[in-house]
Structures are given as structure tokens and as C-alpha cells.
Amino acid sequence: MIPGVRLVVLGKQGAGKGTQCVRLSHHYVVPHVSTGDMLRGEVKSKTPLGLRAQSLMDQGELIPDDMVMEMVGARLSERDTRGRGFVLDGCPRTTTQAERLEDIVHPFGVDLVVNLEVPTSLVMKRLASRRVCVDCGANYSTAAPPMVNWTCDVCGGEVVQREDDTEEAIQRRLDLYEKQTAPLIEWYDDRDKLVHINGTGSPDSVTRRVVGAIDAQRQARRPSVP
Ligand code: AMP
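Structural notes, computed from the coordinates. The structure presented is a predicted model; accordingly, all values stated were derived computationally and were not measured. (Residues numbered from 1 in each chain as written. Predicted model: local features only at pLDDT ≥ 70, side-chain atom pairs only at ≥ 80, totals over all residues. Heavy atoms only, no water.)

Some words on the pattern of salt bridges
Oppositely charged side chains can form a pair if their charged atoms are brought close together. Applicable threshold: Only one rule defines a salt bridge in this text: a Lys or Arg side-chain nitrogen within 4 Å of an Asp or Glu carboxyl oxygen. Counting from the N terminus, the helices are DSSP H or I runs at least four residues long and the strands are E runs at least two residues long. Per-residue accessibility, obtained with a 1.4 Å probe over protein chains only, is compared with the maximum for each type, and a residue is labelled buried under 20%, exposed over 50%, and partly exposed between these values.
Summed over the entire model, instances satisfying the criterion amount to ten salt bridges. For the salt bridge of Asp 204 with Arg 23, the shortest nitrogen-to-oxygen distance reads 2.9 Å. Of this pair, Asp 204 sits in helix 9 (residues 203-221) while Arg 23 is found in helix 1 (residues 17-28), placing the two residues 181 residues apart along the sequence. Among the residues examined, Arg 23 registers a relative accessible area of 28% and is labelled partly exposed.

Take a look at the structure:
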């Protein structure tokens, strides 16, 4: 079986992170750990964390680092993620979260951090047309809707526009991304973990670029045989 991976995927909202993370988790046979999906699950179940997170999420604000990293720490200490690894989607969002993540994954560390690069104009267009299933989180768009009347093809749930996909909230999240998340790129670059991947083009071609980058990194780190 293909070896697992401990992968972090960064990129603006709408850069195709969710789509690529699902594909990469299938490719490497590791769980897809999405903090956005986990938080939406908490909101739906009305847990104490969900109740505190809801209004921040609706406004496009970040959830405090402590709350998010406690949730991530619990998920990454489960047997599946400790064993084969994970594809982490939506986290870290701040350098404080990155530092906490290092502690959580110690002593293995993260193998690679992928920065999916897509121009902001394309991201705005994608997010405004995005529609998601309220039950399973499957992604659709106004250009590629589900087959029957906004009912999810996968689970039959209702397919809607996310509360935080209004133009105002999108702009706020993109501004926040620049301010708080972009420094992470430098943080990981300094630690020689970062690879920039062109996120435009078909989902297949983007996945091929990411898998190629992981293969190249593994090749480079393999001890050379005399
Ligand atoms: P996403 O699905 O990744 O766009 O996340 C949706 C919302 O969940 C974000 O706008 C934040 O409010 C919250 N969120 C998700 N991940 C994090 C994180 N790592 N740190 C703080 N807030 C987060």
C-alpha cells in the first residue's frame, strides 16, 4: 500500500482546498481533517464549542486559537491519524496554531505544507457560486448543481449557499487571510516545509501537481545509495 502522509494544505478560501484535500486523502488513504467541517458539525450539534463558534463563523471571523487547537489535538491523537497521517484542511490559520500543531504532531512533524495558489478574482467568482450540502458537506456550484432540485447527489441532503459565502463575508475572509494566514507561508518556508502549487486548471491536473511535489520531496529526503 502507498505510504501515508502528514500534509497541511494552505490556500485562500475558494482555492480548491476542500476538493484537493478529499482527493489527496483518498490517494494516500489517510483521513481528511477539515477544521471548517468539524466546526460546522459542532454548530449543528449545538455543542458548547458550536454555540460559541457560530456567530464568529457567520461573520467570517476566526475562532480563537485555543478552542480550535484543542479540537484538532483531540482529532490528531486518534489512532487513524497517528498511524498513517492526515490531510489537514483549514488549519493552521495563524502562526500560533502552527506552533501548537508542531507540539501535537511531535515527534513526527508535518511532512509537507502545500500552498495552493489561485488569483483572488477567480476565488471570488468560485465562492459566490458555491453551494454545499447541509448534511454531508459535498460541494456544488451554480454551474454544476446536483442532479435533482438542489438535493445532494451523495446523501439526499439539502444543498444551499453557506451563510458565510455572501460577498461581504467572502471579502472579510479574504482580508483576514491576507492579514493572519499569509505570514504562515513565511513561517513554513523558513522551516523548509513549503511548496507552492498552481491551483488553477482541472482538479485532476492540480492533484497531479501536488502528488508530484510530495514524490519529489520524498525522493530528495531519501538517503542516497553509494
Ligand atoms: P472553512 O470551511 O475552512 O472556510 O472555515 C469556515 C469558518 O470556520 C472560518 O471562516 C472560521 O470562522 C472557522 N475556522 C475554520 N478553521 C479555523 C481555524 N483553523 N482557526 C480559526 N477559525 C477557523
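Moving on, there is more to tell.
Quick word on the environment of Arg 40
Quick note on the threshold: The criterion used for residue contact is that any of the two residues' heavy atoms lie within 4.5 Å.
Inspection of the secondary structure assignment puts Arg 40 in helix 2 (residues 35-44). The class for Arg 40 is partly exposed, based on a relative accessible area of 31%. Measuring from C-alpha to C-alpha, the distance between Arg 40 and Arg 173 comes to 16 Å, with 133 residues separating the pair along the chain. Residues contacting Arg 40, with those up to four places away along its chain left out, are Met 57 and Arg 162.

Describing the sheet that holds strand 6 (residues 139-141)
Heads up, the rule is: At least two bridges found by DSSP between two strands is the condition for calling them paired.
Taken in spatial order, the three strands of this open sheet run 6-5-7, and their pairing is antiparallel. Every other strand in the sheet has two partners, leaving strand 6 and strand 7 (159-160) as the edge strands with one partner each. Judged from the three bridges that link them, strand 5 (residues 130-133) and strand 6 form a sheet pairing that is antiparallel. Across the sheet, the residue bridging to Arg 130 is Ser 141, located in strand 6.

Function-wise, these values are silent; they only describe arrangement.
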